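Below are the chains, spelled out letter by letter.
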Amino acid sequence: MENEQLFDQTAASRVIDQILSNPKSVIGLSTGRTTGNMHRLIAKRYQEEKFDVSNITFLGVDQIPNVPRDYYGACYTMIRSEMLDQMDFKDENFLIAATAETIEETDNLGIPNPDNIIKIFEPGTDIEIGYDKTGEICVTGPSLMLGYINQDKETLNVLKTHYDGKVWLHTGDLGYMNEEGYIFFKQRIKRMIITSGYNVYPSQLENIIEAHEAVQMSCVIGVPDPIKMQKIKAFVVLREGFSPDEKTLESLREHCKKNIAKYALPYDIEIRKVLPKTLVGKVAYTVLEKEEAEKLKNSVN
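The rules behind these values
- Residues numbered from 1 in each chain as written.
- Predicted model: local features only at pLDDT ≥ 70, side-chain atom pairs only at ≥ 80, totals over all residues.
- Heavy atoms only, no water.
- Helix = DSSP H or I, 4+ residues; strand = E, 2+ residues; numbered from the N terminus.
- Buried < 20%, exposed > 50% of the residue type's maximum accessible area, 1.4 Å probe, protein only.
- Contact = heavy atoms within 4.5 Å.
- Areas by Shrake-Rupley, 256 points an atom, 1.4 Å probe, with all protein chains shown as cover.
- Phe/Tyr/Trp six-rings, centres within 6.5 Å; stacked < 30°, edge-to-face > 60°.
- Lys NZ or Arg CZ within 6 Å of the ring centre and 35° of its normal.
- Core = buried A, V, L, I, M, F, W, Y, C linked by side-chain atoms within 4.5 Å.
- Lys, Arg positive; Asp, Glu negative; His and termini not counted.
- Salt bridge = Lys/Arg side-chain N within 4 Å of Asp/Glu carboxyl O.
- Polar contact = N/O pair within 3.5 Å; in protein donor to acceptor, adjacent residues only side chain to side chain.
- Pairing = 2+ DSSP bridges.
- Expected span 1.5 Å × (residues − 1).
- Arc of directions from axis to C-beta.

Draft legend 1. Representation of the overall build of the protein in the model. Of regular secondary structure, the protein possesses seven helices and 15 strands. Within the protein, the fraction of its 301 residues that count as buried is 49%. Considering only intrachain contacts with a sequence separation of at least 6, the fraction spanning at least 24 residues in the protein is 59%. Accessible surface computed for the protein: about 16,200 Å², of which carbon and sulfur atoms make up 51%.

Draft legend 2. Structural view of the packing of aromatic side chains. Applying the stated rule across the entire model yields three aromatic pairs. A ring pair is formed by phenylalanine 121 and tryptophan 168, whose centres lie 5.2 Å apart and whose planes are at 70 degrees; its orientation type is edge-to-face. In this pair, phenylalanine 121 sits in strand β6 (residues 117-121) while tryptophan 168 sits in strand β9 (residues 167-177), placing the two residues 47 residues apart along the sequence. For the pair shown, phenylalanine 121 and tryptophan 168 are each scored as buried. Lying over the aromatic face of tyrosine 285, arginine 191 brings its terminal NZ or CZ to 4.6 Å of the ring centre. Here the basic side chain of lysine 231 rests over the ring of tyrosine 267, its NZ or CZ set 4.3 Å away from the ring centre.

Draft legend 3. Region of interest: the nonpolar core. Formed by 17 residues in total, the largest nonpolar core has its most connected members in Leu205, Ile209, Val220, Ile232, Val236 and Ile269. Of all elements in the fold, only α5 (202-209), β13 (215-225), β14 (229-238) and α6 (246-259) reach the threshold of two or more residues within this core. Valine 220 has contacts with Arg191, Ile193, Pro202, Leu205, Glu206, Ile209, Ile232, Lys233 and Ala234, leaving out every residue within four places of it along the chain. Ile118, Ile129, Ile183 and Phe185 belong to the second-largest nonpolar core, a separate cluster that totals 16 residues.

Draft legend 4. Seen up close, the environment of isoleucine 16. Of note, isoleucine 16 is situated in helix α1 (residues 9-21). For the pair isoleucine 16 and arginine 45, spaced 29 residues apart in sequence, the C-alpha separation works out to 9.2 Å.

Draft legend 5. Here's a closer look at unusual backbone geometry. Phi is positive for aspartate 132, close to 65 degrees, though the residue is something other than glycine. Relative to the elements of secondary structure, aspartate 132 occurs in the loop between β6 and β7 (135-140). The class for aspartate 132 is partly exposed, based on a relative accessible area of 49%. Phi is positive for asparagine 150, close to 60 degrees, though the residue is something other than glycine. Mapped onto the elements of the fold, asparagine 150 is located in the loop between β7 and α4 (152-158).

Draft legend 6. Structural context of the side chain of glutamate 136. Within the element layout of this structure, glutamate 136 appears in strand β7. Among buried charged residues, glutamate 136 stands out as having no salt bridge; its nearest opposite-charge side chain is arginine 188, 7.0 Å away. A distance of 3.0 Å separates a polar atom in the side chain of glutamate 136 from a polar atom in the side chain of histidine 170. The residues contacting glutamate 136, other than those within four sequence positions of it, are Lys119, Ile120, Phe121, Pro123, Gly124, His170, Thr171, Gly172, Asp173, Leu174 and Ile189.

Draft legend 7. Region of the structure containing the pattern of salt bridges. Tallying each qualifying case throughout the model produces 13 salt bridges. Note that glutamate 250 and arginine 253 form a salt bridge whose closest N and O atoms lie 3.1 Å from each other. Of this pair, glutamate 250 and arginine 253 are both found in helix α6, three residues apart, which corresponds to roughly one turn of the helix. Of the residues examined, glutamate 250 reaches a relative accessible area of 35% and is grouped as partly exposed. Between arginine 272 and glutamate 270 there is a salt bridge, and its shortest N-O distance comes to 2.8 Å.

Draft legend 8. Looking closely at the pairing of β13. Among the eleven residues of β13, nine are classified as buried, and the element is accordingly described as predominantly covered. By the bridge criterion, ten bridges tie β13 to β14 in an arrangement that is antiparallel. Among the inter-strand pairings, valine 215 is bridged to a residue of β14, identified as leucine 238. Hairpin remark: β13 followed by β14, antiparallel, with three residues in the connecting loop.

Draft legend 9. Quick look at α6. The end-to-end C-alpha distance of α6, which contains 14 residues, comes to 20 Å, matching closely the 20 Å that a straight helix rising 1.5 Å per residue would cover. Regarding α6, the residues found buried are Thr248, Leu249, Leu252, His255 and Cys256. All buried residues of α6 lie within an arc of 120 degrees about the axis, which places them on one face of the element. Opposite the packed face of α6, turned more than 90 degrees from it, sit the exposed residues Lys247, Lys257 and Lys258. Residues of α6 that are buried sit in contact with α5, β13, β14 and β15 (268-271).

This is the structure we're talking about:
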């Protein structure tokens, strides 16, 4: 499913018109790639029209790591309002952490909101780990969900009673906490790639790849490998005006070599016109994984 089917630019423009005519505006942008599209539209409108932004008192987004850094910076500077990076897990349905307006790190989820407790544990366990060490982000608090309706097994997989007697929600997200109490997001556990004994986080590579001037969107996956366990492949969609030729590919390879550790370098970069999408507009990386697995199966046969 193409992103254009999920994001109506005309409707979004009407929403922005209403926001700008309101004496006090609070903007909240939803999750996924749609967030990036909305950021782009706001930045583009401002560049073209230089509209008055004094009435925008708050600009809130969630899952800021999914937003291309250049657009994040553009909106942060242009709108000049408070940028809140929300940590709002689908299994909780409440805002559990937020950053201050002075925080510009795109992977910083902020500090817990009042009455919420966030800790980092070894994935799937109640063993807490120290500062600056990567583990599973877990949360407990008064707004925690009771469970999934008629899905006891799924509930037990995410809600676990720890040694302290509290029920903790295991988010399935990898991250760490620094000594100041800020939470940093790394990657969904199930997306983590293990190659040659190293943990590689696709979202970090995607942020690097999308910093290239030719790349509009990217997706990084792990492909089974008998020696490395997994090897890394990148899929990219180019911006308008760039050709899918060897010159562009070579430029992308050089960009990766300069910015990515050798063990995490993609062995292949494939250019596509579009990437498969989920119903909420995120890149369907599992579809790409299945495609590559099928290619391996056919090559063996």
